[in-house]
Amino acid sequence: MKKEKSKEKKKGRLKAFIKKHKVLSIIIALVLVIAIVAAGFGLKNKNSDSQSYSFIRTTTLAKGTLEDTISAKGTIQSANTSNVTTSLNYTIKSINVSVGDTVSKGDVICTLDTSELESQIEKEEKNLAKTKSSAQSSYNSAKKSYNSAKTTYNNYLSTYNDAKSAYNTAKSAYNKAVSSLKSYHSAYDSALLAFNNAGAKYVKTLNEYNSAVRAYKSNNSSSNKRKLISAAKAYMKAAQNYYGKCANGKYDISDSTESSSNSSDKMSQDNSAVSASSSQSITVTQTADEICSAVISNVKTLTGTILTKTSGTNTLYKLASKAKTLQNAKQICNYSSLESAYTTAKNTYNESKQTKSQYSDAVSQAKEQLERAAEELENASTSDTLDELKSQLSECSLKTEQDGTVTALNATVGSSAGMDSAVATIQDLKNLEVSITIEEADINNVETGLTCRVTTDAEDDALSAELTQINPVSSDGSFGATVTINDITDEIYIGMNASVDIIVSSSANVYQVPIDAVGTDGDTKYVYLKTGGSGTDMTFEKVTVNTGSSNDYYIEITSAELSEGDVIRSNSDLSEGIETVSDSEKNNENSGGLFSSLFGGSRGGGDMPQGGGDMPSPPSSSGSSSSSSKGSSDMPSPPSGGFPGGSNG
C-alpha cells in the first residue's frame, strides 16, 4: 500500500512538473525520441548474436544530505499591513510623511481641517452650559427643601422619643396594676356571668308563668293546672337566684366607683331583667320574697293549691360584693389614676408617631425630588452630541496603528480625506512572508512548522523560512499556504517573486544512490559494487544493503561492506546498456557517432562524467515536487531509468 501511495505521489508530481514546464517537457521528450532512433540505427547494423554494453552508468559513494522537498512559487509580502483610514469627510490640512518613511505606532500621518468642527463644538458647549445652569438651580432648590424636611424631622424626634418614653412608663405602671387586680377581676367576671345567666333565666320563667296563668284562666283543666304550678315554682326559683335576699334599693355592680354613678339601668316594675355590664348599677323595687308571696297567693286563688317559698343562689348580692371588693383593690393601687395616665400617654404617643411618620414621608419625598434633580443635573453636564463632536475632533489627526514603513500615500493637502478610504498604507518590512499554493497531491506530506528555503532573483543565498499557515479549504485543486521568512536582508522587497522549497524530510551524512540502483530479491535489497575493469568492461558484485529515507530520485543506503569512494552501478537492471552486433561491426561508429554528437559521450568509456557527474536534474516548479542530493558531486538524479547515454564507469 505504501509503495502504491509513493507511485501515486511520484505520478502526481510528474504531472504537475509537465503542466508547469510544457516547453522543457517537450525538449526532454524530443531528446528521448532522438536517443531511441539513434539506438535503433545502431541495431539495424547488427549481423551476429554477440552482446556488449554500449554504456554503463555508475555513482560514486559520498556522504551527503538527502532531502525531500516540495517546490512552489509566490510573491513576497508583509506579514503586518494596516491602512490609515477615516470616516470623516473633511479637507486634509497637512501631511507629515512621505512614501518610504519609517513610522511608529501612534505617529500622525496627516491632519484634517477642523475649523467647522470647532465652531460646532463651541455652539454646543454654550447650549450645554445654559442647560446645566438651569438644572443646577433646580438641584439647589431641591437640596434646600430636603435639608429643611430632614431638619424638621430630626428636631421632632426628641418630642416623639419623649412621648414614647412617657407611654412606656405609664404602660408599665398600668400593666403592673392590672396584674395585681387579676384575681379580683377573675372573681368579679365569674359573678357577673352568673348574674347575667340568672337574669336571663328569670325573664324566661316569668314569661312562661304569665303564659300558664292565661292558659289556666282560659281552661282550668288539670293539665293546665299542673303546668301553672310547675311554671310558678320555676319562676319563684329564678327570682330567688336573681335577687336572693336583697332588699329593695340600689346595688352597684360596676368594677369601679366612678362608673357606678354613670348608669341608671333599673329593673322595671314588671321585674323584666336585662343583661348587666361592668358599668351598671341595679335598683331592686320588689324583693324576691315579695315576688314569691304574690305568686303563692295568685296560685292559691286560681287553683286552691298552696305553694311554699324556695331559696336561691342570690347572684345579685354576690356580684355586688365582688364589685365592692374589686373597687376597694383598685383604690388601694390607684388604678384609676394609672389607667388615666396610661390612656393619655398612649393617645399622645400615637399622635406623635403619626406626626413623625408625616415628617418622615416629607423627607422621603424631598429626597426623591433631590435625586431627580441630581440626575437631571448630571444629564445636563454631558451631551452625546458634544461628545461625538469632540470624538471627531480627536480623530482629525490620522495616526498609524503599527510600526512600519509608509508604502502608499493617497492624500494631498486641500483634498477631501474620503470616507473610509485608505489615506496611507503601513507595512512592516521586518516581518515578511510568501503566499504560495500547494498542490493536492502534496498536501498530505506537509504540515506547519516545516523548514523552508526562499530564493529570489535579487538574492544569491537562500533565506531560511518556515511554513506557518495552511488553508484547510481547497481552491481549484490546490491549497493556499503562508511561508514566514526568518532571515530578512536589505535585498528583499515586498512584491518580489520568490521560489520556495518546503523541506519535507532531511537526512544528513548518509550514502545515497539513484533509486534504480537498488534492486529487490524477495525481502532482500541490494546494489552492484564495482570490483574491477573500466568503461563497458567494468565488473560488479551484488552487495546487500538496507535502505532509509528517499526522494523522487535518490534513496539512502547503508551496508557494512560499503565505504566512501566505492563505485555503484546506477541501475540494478543488468540489461541496461546491452546491444547485440556482428563481430565485423563491433567497431562501427555510425550509431556511436550519432550518440556521441547528441550527448557528448561515447560508448565504452567516453567523456561522460563518471560516478554521478554534474548532470542537472529536471528543474522544480510551483506546486510540484523536486528532490536534491548533496554528496561529493551534488549531482541531482535524472528521472527513473536515466537519460539515454548515461555516464560510463
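Presented here is a report on the structure given in the accompanying data block. (Residues numbered from 1 in each chain as written. Predicted model: local features only at pLDDT ≥ 70, side-chain atom pairs only at ≥ 80, totals over all residues. Heavy atoms only, no water.)

**A short note on the pattern of salt bridges**
Step number 1: Within this structure, the stated rule accounts for five salt bridges.
Step number 2: Notably, a salt bridge pairs K390 with E125, separated by 3.7 Å at the nearest N-O pair. A residue pair is termed long-range when its members are at least 10 positions apart, and K390 in helix α10 (residues 384–394) and E125 in helix α3 (residues 115–180) qualify at 265 residues.
Step number 3: With a shortest N-O distance of 3.7 Å, K330 and D255 are connected by a salt bridge. With K330 in helix α8 (residues 315–332) and D255 in the loop between β8 (249–252) and α6 (257–260), this residue pair connects regions lying 75 residues apart in the sequence. Per residue, the accessibility class of K330 equals that of D255, and both read buried. (Salt bridge = Lys/Arg side-chain N within 4 Å of Asp/Glu carboxyl O. Helix = DSSP H or I, 4+ residues; strand = E, 2+ residues; numbered from the N terminus. Buried < 20%, exposed > 50% of the residue type's maximum accessible area, 1.4 Å probe, protein only.)

**Here's the deal with the packing of aromatic side chains**
Step number 1: Scanning the entire structure with this criterion turns up 13 aromatic pairs.
Step number 2: Ring centres of F195 and Y242 lie 4.9 Å apart, and the angle between their planes is 25°; on these two criteria the pair is classed as stacked. Taken as a pair, F195 in helix α4 (residues 182–218) and Y242 in helix α5 (residues 222–242) lie far apart in primary sequence, 47 residues in all. Residues F195 and Y242 agree in their burial class; the two are buried.
Step number 3: On the numbers, 5.4 Å between centres and 15° between planes, the contact of Y209 with Y235 is stacked. Placement of the pair is Y209 in helix α4 and Y235 in helix α5, with a sequence separation of 26 residues. (Phe/Tyr/Trp six-rings, centres within 6.5 Å; stacked < 30°, edge-to-face > 60°.)

**Overview of the sheet that holds strand β12 (residues 422–427)**
Step number 1: Taken together, four strands build an open sheet; the order of strands is β4-β12-β11-β6 and the sheet is antiparallel. The open sheet terminates on both sides in strands that have one partner only, identified here as β4 (81–85) and β6 (102–103).
Step number 2: In terms of strand pairing, strand β11 (residues 404–409) meets β12 through four bridges, oriented antiparallel. Looking across to β12, one finds that L409 is bridged to A424. (Pairing = 2+ DSSP bridges.)

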